[in-house]
Amino acid sequence: MEFRLLGPVEVWDGAERVPLGGPKPRALLASLLLSPGRVVSVDRLVDLIWSDRAPGTARDLIQTYVSALRRRLRPEVIVTRPPGYLLRLDGERFDLQVFEQLVADGRLAAEAGRYEDAEQALRAAAGLWRGPALGGIGEALQAEAARLEELRLAAVEERIAAELLLDRHGDLVAELTALVAAHPTRERIRGQLMTTLYRLGRSAEALAVFDEGRVRLAEELGLDPGPELRALQEAVLRGDPSLSGAAPPYLRRQFVAKQLPPDVPDFTGRADVVGELTKLLSASRTAPPVVIVSGKGGVGKSAVTVHVAHRVAERFPDGQLFADLRGTSDTPATDQEVLGRFLRALGVEHEAQPESAAERADLYRSLLAQRQVLVVLDDARSEQQIRPLLPGEAGCAVLVTSRGRLAGLAGAQLVDLDMLDGDAALALFGAVAGADRVAAEPEAAREIVRLCGLLPLAVRTVGARLATRRHWALATMAVRLTDERRRLDELTAGDVEVRASVSLSYRLLDEQARTAFRRLGLLGVPDFAPWIIAPLLDVPAADADDVAERLVDAQLVDFTAIDATGQPRYRLHDLLRVFAAECAETDDTAAERAAAVTRTLGSWLWLVDTIGARTPSGEVVLRGGYASARPVDGLVAERAAADPAAWLDAEAPGLTVAVSRAAAMNLDVAACDLAAALSFSHVFDANRRGEWHASHQAALAAARRAGNRSGEALLLAGLGHIHYRLDRFDEVHEYLSAALPLFAATGDVRGEAVALAGMGGACREQCRMREGLGYLTRSTAIFRGLGDHTAIGATSRMAAAIHLELGAYEAAWPLLDQALEAYRRVGSRRGEALTLRTTSLVHRALGDYAVAAGLSAQALELFRAIGDSHLAAFAVQSLVKARIRQGDGAGLPLLVDALEVCRNHFDRFGEALLQRTIGELHLANGQLDLAEAHLLRSIAISEELRTPLPVARAKRDLAAVLAARGDGAVAELVIAEAAAVFARHGAREAGELKAVTYGQSEGPDPGKGPALRSPA
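Residues numbered from 1 in each chain as written. Predicted model: local features only at pLDDT ≥ 70, side-chain atom pairs only at ≥ 80, totals over all residues. Heavy atoms only, no water.

### Comments concerning the overall build of the protein chain
Alright, step 1. A count of helices and strands for the protein chain gives 47 helices and 17 strands.
Alright, step 2. Against the compact-globule benchmark of 31 Å for 1016 residues, the protein chain has a radius of gyration of 38 Å, which places it well outside the compact range.
Alright, step 3. Seen through its principal axes, the protein chain has C-alpha atoms that stretch 125 × 70 × 55 Å.
Alright, step 4. Across the 1016 residues in the protein chain, those meeting the buried criterion constitute 56%.
Alright, step 5. The contacts of the protein chain with a sequence gap of at least 6 include a subset with a gap of at least 24, amounting to 69%.
Alright, step 6. Of the roughly 40000 Å² of accessible surface on the protein chain, 52% is carried by carbon and sulfur atoms.
Alright, step 7. Each charge class in the protein chain was averaged separately, 117 positive and 135 negative side chains, and the resulting centres sit 2 Å apart. (Helix = DSSP H or I, 4+ residues; strand = E, 2+ residues; numbered from the N terminus. Rg over C-alpha atoms; globule rule 2.2 N^0.38 Å. Buried < 20%, exposed > 50% of the residue type's maximum accessible area, 1.4 Å probe, protein only. Contact = heavy atoms within 4.5 Å. Areas by Shrake-Rupley, 256 points an atom, 1.4 Å probe, with all protein chains shown as cover. Lys, Arg positive; Asp, Glu negative; His and termini not counted. Charge placed at Lys NZ, Arg CZ, Asp CG, Glu CD.)

This is the structure we're talking about:
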């Protein structure tokens, strides 16, 4: 089959034209042909075919057109690939591809001085055109049609240039006259007609062509003729012999090369980089400076380099050479090709140039030896490509752009180009889209540049798109960019698109690095340690480090920092991540994607499990030895276990995103297992409670979609545990009471025991003491049957704490002994410390203050030894409280530090407890105003948490403050409120208050902390 776009949109099968239907199906086919082998999203197709006038049924119509085209073509030509369709050209002829190849052949021939070959190739390219491009599809794809027409005219101009060098003048006048009439503002064609007329002895007509052009440019564009056309007019006026066709074409007038592309008119920001580059190129030196501007695709390397080159051009009076090395293309420029062009620019015609690249390089350096020339090499692939193009003398300088850092280039100075800052990106956006629109919608404009990731190419592209859609609100574009599935489709304007720029770097990677890149995008993590590449690829961890560095060298991954565990961390730019995810959807099968994500979550799960096993928490653990866990390299595990809290802090953003991503892919087992393990990890970070909750809810939804009742139970229990740590006890009951029957239905006895333990702990905080004891008694019995000593220790300790609340001290002692014995049997130092603190509270309640202080001090030492600053804060509280009872009023600094720890952990219960203890200390020291302030703060927090006993205890102390001030009547009212709460809940203070004398003995306080309230 043959596909044609260079004229009416047609498909031919042999000698027969294939019927395609009306303009809209033809436009759809053309849209796919313009991106062969690449997925074009449905949203992009709608935008191309209907622009901003799409009907509500546009997406359905797209599907209908595709079905019709598949019936008329071969079904495998158009392939469905989310989020759209892909057109395959396997062996079929496509006139646009043939045209582009012929034009490329012609240009290479012209650069090599083979003008006959160049003329033939370019004439053959023009012969492929059958009329205006994309004919027969109405107004759709107007921008693409204009782009193709520009390619055609450029090829015609280059073919005429070759003919002029072959002294073919007589045959060109009629053609050039018609072209000038059709394109009156196109200066190159007008100059070619002037040259042709002059060589035919028609100088007056040549000058008339110039005068006509000057008028048309002024009338239609408000511009004067450019420097080249003016220079040609002057040459005609003075009869410059260089315009004569009599001399051989290889004898050219020597001139100072001015090859720099035009400076970017709206260049914005980069003042620091521009200053640094200018300084490097202008400094005195003994060797030619070589400066490499490195950065990822679209970051603006070429724009910065050209801008700087124009700024320093006057320092290089002998010229500026420029070459696009095409390093990111499939056909990078060779040194022979570039040296040939540079030598011609320096006055050496093709016939006079040496044949070998080495001899050309020698001649090139000899010519530059006595000159001051700036050499700009854009888009270099490797050091080998650059070395032959380096001058040998100090008068010259070289400015290189590359996506790689080219570390092997000796003596080169590297300047890494990063994203624009927010203000510069906004200024660039305003310069392209219109400053008035930015001023009218500043918040939308900032959101647009944020969604562009501050990448200059993306900002410029979306600005250009909006510049052609003045009727669009910026807020509309911001909303469109929010959808990651279509973001790269939106970042397209004419023949410039972010996706194409990024794909150049991607194609240059080796297969292993390409796979790692796209799977990192699939996983979607905001940052990552290199070990994670190992499960993504199913390779050893040692290979993962090498792959990560190759991605860094290719500017597709950025190094961010060394985390607290000593691991380097990397990130993908947001737009690169979106592109990588697209590649994963198209280049990996669904099974490969699922396996990669499952392996990775399994590796995280194994690490969480390993941390728990190596550093026993003393809490109830929902489950260990998950079937989906996957062992990880020993060094990674050692780093994680060495500082579990730091490891989780570094990995937490990736963990939450990965759980959500697995859930979205319906990998319910992997998502549920990891989410549940995290929720019961003792290094759970309450600072990220919102992220954890969102990812766990996503995993829960995946379990329910899959009918995975076991996974659903796990997630409900995990969510209950998270809410427990957040002091949201109503939600604890809601989740755990929903999990309990699911555990029973699936035969998960351990899960039932965990849910019961959690409900018992929540009941204690809500002062439902007897109910809580019932749950804990049932839970402990199950754990005894399972032989889980850690869980036995946790539930026994919790039950002892409830007996303490009720004043049943004799019932508490055997439970505390059981807890201590169980924890010591499994080597849980954390559990042992928790039990020592609870035992300290019982002794304090009984008036054994010295023993209480000693036990709290032991607990504090253990907590500090295992690095648990949070629970250490509670040991400080109980220690200082015992000392207050002993008459020691010197513990304020310790309490203030502990209060700050609780605030940093977002522990509101702990904050209320510390505020009350600080108030008691001030009361004991006679500082009544300070005591009142802290006690009122404690009451306010405890009321927010709906924990009645802590409220009553703070009011009891507040009554003592009021009585000490002589306000006995109010004190009686406050103490009455407290007494009513104690009596209602059967708390031990109900009897103790009868002996209270205000300001002397407000009664002992059990004190509490988050670990005492946990279902562990």
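After that view of the structure, there is still more to cover.
### Overview of the pattern of salt bridges
Alright, step 1. Counted under the stated rule, the structure contains 67 salt bridges.
Alright, step 2. Two residues, Arg486 and Asp43, come together in a salt bridge whose shortest N-O distance is 3.4 Å. In this pair, Arg486 is assigned in helix H21 (residues 484–490) and Asp43 in helix H2 (residues 42–50), connecting sequence segments 443 residues apart. An identical accessibility class is assigned to Arg486 and Asp43; each is buried.
Alright, step 3. Among the salt bridges present, the one from Arg514 reaches Glu511, with a minimum N-O distance of 2.6 Å. Linking Arg514 with Glu511, this pair stays in helix H23 (residues 511–523), spanning three residues, or about one helical turn.
Alright, step 4. What makes Glu511 partly exposed here is its relative accessible area of 43%. (Salt bridge = Lys/Arg side-chain N within 4 Å of Asp/Glu carboxyl O.)

### Details of the pairing of strand E6 (residues 84–87)
Alright, step 1. Pairing of strand E4 (residues 40–41) with E6, which is carried by two bridges, proceeds in the antiparallel orientation. Its bridge partner being in E6, Ser41 is matched across the sheet by Gly84.
Alright, step 2. When strand E5 (residues 78–81) meets E6, the two strands line up antiparallel, connected through four bridges. Across the sheet, the residue bridging to Ile78 is Leu87, located in E6.
Alright, step 3. Hairpin connection, E5 to E6: the antiparallel pair is bridged by two residues. (Pairing = 2+ DSSP bridges.)

### Considerations on the nonpolar core
Alright, step 1. Counting 182 residues, the largest nonpolar core has Phe429, Ile448, Phe517 and Trp604 as the members making the most contacts within it.
Alright, step 2. Take this core: its biggest share by element is nine residues, from helix H36 (residues 789–806).
Alright, step 3. When neighbours within four sequence positions are excluded, Phe429 is seen to be in contact with Gly434, Val438, Ala445, Ile448, Val449, Val459, Val462, Gly463, Leu466 and Leu474.
Alright, step 4. Leu45, Leu89, Ala125 and Ile137 belong to the second largest nonpolar core, which has 48 residues in total. (Core = buried A, V, L, I, M, F, W, Y, C linked by side-chain atoms within 4.5 Å.)

### Remarks on the sheet that holds E4
Alright, step 1. Spatially, the three strands line up as an open sheet ordered E4-E6-E5, and their pairing is antiparallel. In this open sheet, the two strands that pair with only one neighbour each are E4 and E5.
Alright, step 2. Contacts from helix H3 (residues 58–72) reach E5 and E6, with the element oriented near 145° to E5. (Axes fitted to C-alpha atoms, helices over the stretch in contact; angles between N-to-C directions.)

### A few points about the side chain of Asn708
Alright, step 1. Examined against the element boundaries, Asn708 turns out to sit in the loop between helix H31 (689–706) and helix H32 (709–725).
Alright, step 2. At 2.8 Å, the side chain of Asn708 and the side chain of Asp668 are in polar contact. (Polar contact = N/O pair within 3.5 Å; in protein donor to acceptor, adjacent residues only side chain to side chain.)

### Some words on the sheet that holds strand E7 (residues 93–94)
Alright, step 1. The mixed open sheet is built from four strands, whose spatial order is E3-E2-E1-E7. Looking at which strands have only one partner, the edges of the open sheet turn out to be strand E3 (16–17) and E7.
Alright, step 2. Direction of pairing for strand E1 (residues 2–4) relative to E7: parallel, over a ladder of two bridges. Its bridge partner lying in E7, Glu2 is registered against Arg93.

### A few points about the packing of aromatic side chains
Geometrically, a pair of aromatic rings is defined through the distance of the ring centres and the angle of the planes.
Alright, step 1. Throughout the structure, instances matching the rule amount to ten aromatic pairs.
Alright, step 2. For the ring pair Tyr506 and Phe517, a centre distance of 5.8 Å and an interplane angle of 45° mean the geometry is tilted. Of this pair, Tyr506 sits in helix H22 (residues 498–507) while Phe517 sits in helix H23, placing them eleven residues apart in sequence.
Alright, step 3. Ring plane angle 40° and centroid distance 6.3 Å describe the contact between Phe517 and Phe579, whose orientation is recorded as tilted. Remark: Phe579 occurs in helix H26 (residues 574–587) and Phe517 occurs in helix H23; sequence separation between them is 62 residues.
Alright, step 4. Residue Phe579 is classed as buried on the basis of its relative accessible area, which comes to 4%.
Alright, step 5. Feature note: the residues Tyr506, Phe517 and Phe579 constitute an aromatic cluster, connected by ring pairs.
Alright, step 6. Cation over ring: Arg152 sits above Trp129, and NZ or CZ is 5.9 Å from the ring centre. (Phe/Tyr/Trp six-rings, centres within 6.5 Å; stacked < 30°, edge-to-face > 60°. Lys NZ or Arg CZ within 6 Å of the ring centre and 35° of its normal.)

### Re the side chain of Gln192
Alright, step 1. Take Gln192: it is sitting in helix H8 (residues 187–199).
Alright, step 2. Setting aside anything within four residues of it in sequence, one finds Gln192 in contact with Glu157, Ile160, Ala161, Leu164 and Leu176.

### Details of a negative patch on the surface
Alright, step 1. A contiguous patch of negative charge on the surface is contributed by Asp543, Asp545, Asp546, Glu549, Asp553 and Asp633.
Alright, step 2. Summarising the element assignment, Asp553 is placed in helix H25 (residues 541–553). (Patch = residues over 30% accessible without salt bridge, like charges linked within 9 Å, V, L, I, M, F, W, Y side chains within 5 Å.)

### Some thoughts on the packing of H23 against helix H27 (residues 590–614)
Alright, step 1. At a minimum axis separation of 11 Å, H23 and H27 run at an interaxial angle of 70°. By the criterion of interaxial angle, the relationship of H23 to H27 is roughly perpendicular. In this structure, H23 uses Arg519, Leu522 and Leu523 to contact H27, whose residues at the interface are Glu592, Arg593, Ala596, Val597, Arg599, Thr600, Leu601 and Trp604.
Alright, step 2. Considering only residue class, the contact of H23 with H27 consists of six nonpolar, one polar and four charged. (Parallel < 35°, antiparallel > 145°, perpendicular 65-115°, else oblique. Nonpolar A, V, L, I, M, F, W, Y, C, P; charged D, E, K, R; others polar.)

### Section: the environment of Met419
Alright, step 1. Along the polypeptide, Met419 turns up in the loop between strand E13 (413–416) and helix H16 (422–433).
Alright, step 2. On the accessibility criterion, Met419 (17% relative accessible area) is buried.
Alright, step 3. Here the alpha-carbon distance between Met419 and Leu455, two residues 36 residues apart in the chain, equals 5.4 Å.
Alright, step 4. Setting aside anything within four residues of it in sequence, one finds Met419 in contact with Arg270, Lys296, Val299, Gly453, Leu454, Leu455 and His573.

### Quick word on the environment of Arg88
Alright, step 1. Topologically, Arg88 is positioned in the loop between E6 and E7.
Alright, step 2. When the C-alpha positions of Arg88 and Ile78 are compared, they lie 6.4 Å apart, and in sequence the two are ten residues distant.

### Some remarks on helix H45 (residues 968–985)
An α-helical turn contains 3.6 residues, so any two residues separated by three or four positions project in the same direction.
Alright, step 1. Counted at 1.5 Å a residue, the expected span for H45 with its 18 residues is 26 Å, and the 26 Å between its end C-alpha atoms agrees.
Alright, step 2. Among the residues of H45, those classed as buried are Ala971, Val974, Ile975, Ala978, Val981, Phe982 and His985. All buried residues of H45 lie within an arc of 115° about the axis, which places them on one face of the element. What points out from H45, more than 90 degrees from its buried face, is the exposed set Ala969, Leu973, Ala983 and Arg984.
Alright, step 3. Buried residues along H45 sit in contact with helix H35 (769–786), H36, helix H44 (948–964) and helix H46 (989–992).
Alright, step 4. After H45 finishes, the residue Gly986 shows a positive phi value of roughly 70°. (Expected span 1.5 Å × (residues − 1). Arc of directions from axis to C-beta.)

### Considerations on the pairing of strand E17 (residues 568–571)
Alright, step 1. Across four bridges, the pairing between strand E16 (residues 558–562) and E17 is antiparallel. Bridge pairing in E17 places Phe559 opposite Tyr570.
Alright, step 2. A loop of five residues connects E16 with E17, the two strands running antiparallel in sequence, and Gly566 in this loop sits at a positive phi of about 90°.

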